[in-house]
Amino acid sequence: MKAYKIMKVSDQENSWKTLFHGVDGDRNIACDEWVASKTSYVRDGSGGTYYLSGWHVLPSYASALLYMENFKDNTDKYIVECEIKSYQKKEHARSPVFLAKSIKLGREALPND
């Protein structure tokens with residue numbers, strides 16, 4: 001499924017940087033490679049609801065753009081196109097967030113794509 005993820009620019013070539021957690025202590029995620037999430041039960045920051053972790057993605061460019069409004073400073077954040085596998089809707093989320101077990105990052109998404 002095509003989805004969208006909010007990321008930061010990485011200092012490594014052909015990769016993006018996650019906002020929070022990465023893989024094996026590295027927040028830089030290579031583009032054009034399938035990367036599995038480290039799944040475990042975690043607690044969200046808004047109220048303590050537990051859920052099975054995964055890559056947080058949004059189903060459309062419009063929903064990602066709307067989600068960007070949650071950040072006080074979004075000048076260093078980009079909406080990135082991605083492909084996902086094994087995903088489910090995040091329960092108790094205020095936005096249409098999905099959790100994916102695998103992700104393959106692409107290029108920056110543009111409004112008219």
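This report concerns the structure included in the present document. Think of each chain on its own: its residues are numbered from 1, step by step along the sequence as written. Local features in this predicted model are restricted to residues of pLDDT 70 or higher, and side-chain atom pairs are both shown and tallied only at a pLDDT of 80 or more, whereas totals for entire chains, interfaces and linings draw on every residue. To obtain the side-chain values, all non-hydrogen atoms of the structure were included, while hydrogens and water were left out.

## A word on the overall build of the chain
- For the purposes of this entry, the term helix denotes a DSSP run of H or I that reaches at least four residues, the term strand denotes a run of E that reaches at least two, and both are numbered from the N terminus. Counting secondary structure elements, the chain contains one helix and nine strands.
- Taken from the N to the C terminus, the helices and strands of the chain come in the order β-β-β-β-β-β-β-α-β-β.
- Relative to a compact globule of 113 residues, whose C-alpha radius of gyration would be 13 Å, the chain shows 13 Å and is just as compact.
- Here the C-alpha coordinates of the chain stretch approximately 35 × 30 × 25 Å along the principal axes.
- The cut-offs for exposure are 20% and 50% of the maximum accessible area for each residue type, with area from a 1.4 Å probe on protein chains only; residues under the lower value are buried, those over the upper are exposed, and the others partly exposed. Looking at the chain as a whole, 38% of its 113 residues qualify as buried.
- Partitioning the contacts of the chain with sequence separation of at least 6, the portion at a separation of at least 24 is 57%.
- Element-wise, carbon and sulfur atoms account for 47% of the exposed surface of the chain, whose accessible area totals about 7,100 Å².
- Charged-residue counts in this description rest on Lys and Arg as positive and Asp and Glu as negative, His and the chain ends being excluded. Just so you know, the charge point we use is NZ for Lys, CZ for Arg, CG for Asp and CD for Glu. Of the side chains in the chain, 16 bear a positive and 15 a negative charge, and the two mean positions are spaced by 7 Å. Throughout, the radius of gyration refers to the C-alpha atoms, and the reference size of a globule is 2.2 Å times the residue count to the power 0.38. Pairs of residues are marked as contacts when any of their non-hydrogen atoms sit within 4.5 Å. Note on areas: Shrake-Rupley with a 1.4 Å probe; residue coverage comes only from the protein chains shown.

## Overview of the pattern of salt bridges
- Here, a salt bridge means any side-chain nitrogen of Lys or Arg that lies within 4 Å of a carboxyl oxygen of Asp or Glu. Taken as a whole and judged by the stated rule, the model has five salt bridges.
- In this structure, aspartate 76 engages lysine 8 in a salt bridge whose closest nitrogen and oxygen atoms are separated by 3.2 Å. Within this pair, whereas aspartate 76 is found in the loop between helix 1 (61-67) and strand 8 (78-89), its partner lysine 8 is found in strand 1 (residues 2-9), the two being separated by 68 residues in sequence.
- Given the relative accessible area of 23%, lysine 8 is considered partly exposed.
- Lysine 77 serves as the salt-bridge partner of aspartate 76, at 2.9 Å between the closest nitrogen and oxygen.

## Regarding the nonpolar core
- Only buried residues count toward a nonpolar core. Its members are Ala, Val, Leu, Ile, Met, Phe, Trp, Tyr and Cys residues joined through side-chain atoms within 4.5 Å. Membership of the largest hydrophobic core comes to 16 residues, with the highest contact counts inside it found for Trp55, Val57, Cys82, Ile84, Ile103 and Leu105.
- Only strand 1, strand 7 (55-57), strand 8 and strand 9 (98-108) provide two or more residues apiece to this core.
- If one sorts the elements of this core by residue count, strand 9 sits on top with four residues.
- Once residues within four sequence positions are removed from consideration, cysteine 82 is found in contact with Met1, Lys2, Ala3, Tyr4, Lys5, Val57, Ile103, Lys104, Leu105 and Gly106.

## A word on the packing of aromatic side chains
- Aromatic rings from Phe, Tyr and Trp, taking only the six-membered ring of Trp, are treated as a pair when their centres fall within 6.5 Å; an angle between ring planes under 30 degrees marks them as stacked, one over 60 as edge-to-face, and anything in between as tilted. One pass over the structure, following the stated rule, counts four aromatic pairs.
- For the ring pair tryptophan 16 and tyrosine 78, a centre distance of 6.0 Å and an interplane angle of 45 degrees mean the geometry is tilted. Note that tryptophan 16 is positioned in strand 2 (residues 15-17) and tyrosine 78 in strand 8, a separation of 62 residues in sequence.
- Taking the centre distance of 6.2 Å and the plane angle of 70 degrees together, the rings of tyrosine 67 and phenylalanine 71 count as edge-to-face.
- For tyrosine 67, a relative accessible area of 26% corresponds to the partly exposed category.
- For a Lys NZ or an Arg CZ to count as sitting over a ring, it must be within 6 Å of the ring centre and within 35 degrees of the ring normal. Cation over ring: lysine 85 sits above tryptophan 34, and NZ or CZ is 4.2 Å from the ring centre.

## Points about the environment of isoleucine 103
- Position of isoleucine 103 among the secondary structure elements: in strand 9.
- Those residues in contact with isoleucine 103, other than ones at most four positions away along the chain, are Lys5, Glu33, Trp34, Val35, Trp55, Val57, Cys82, Glu83 and Ile84.

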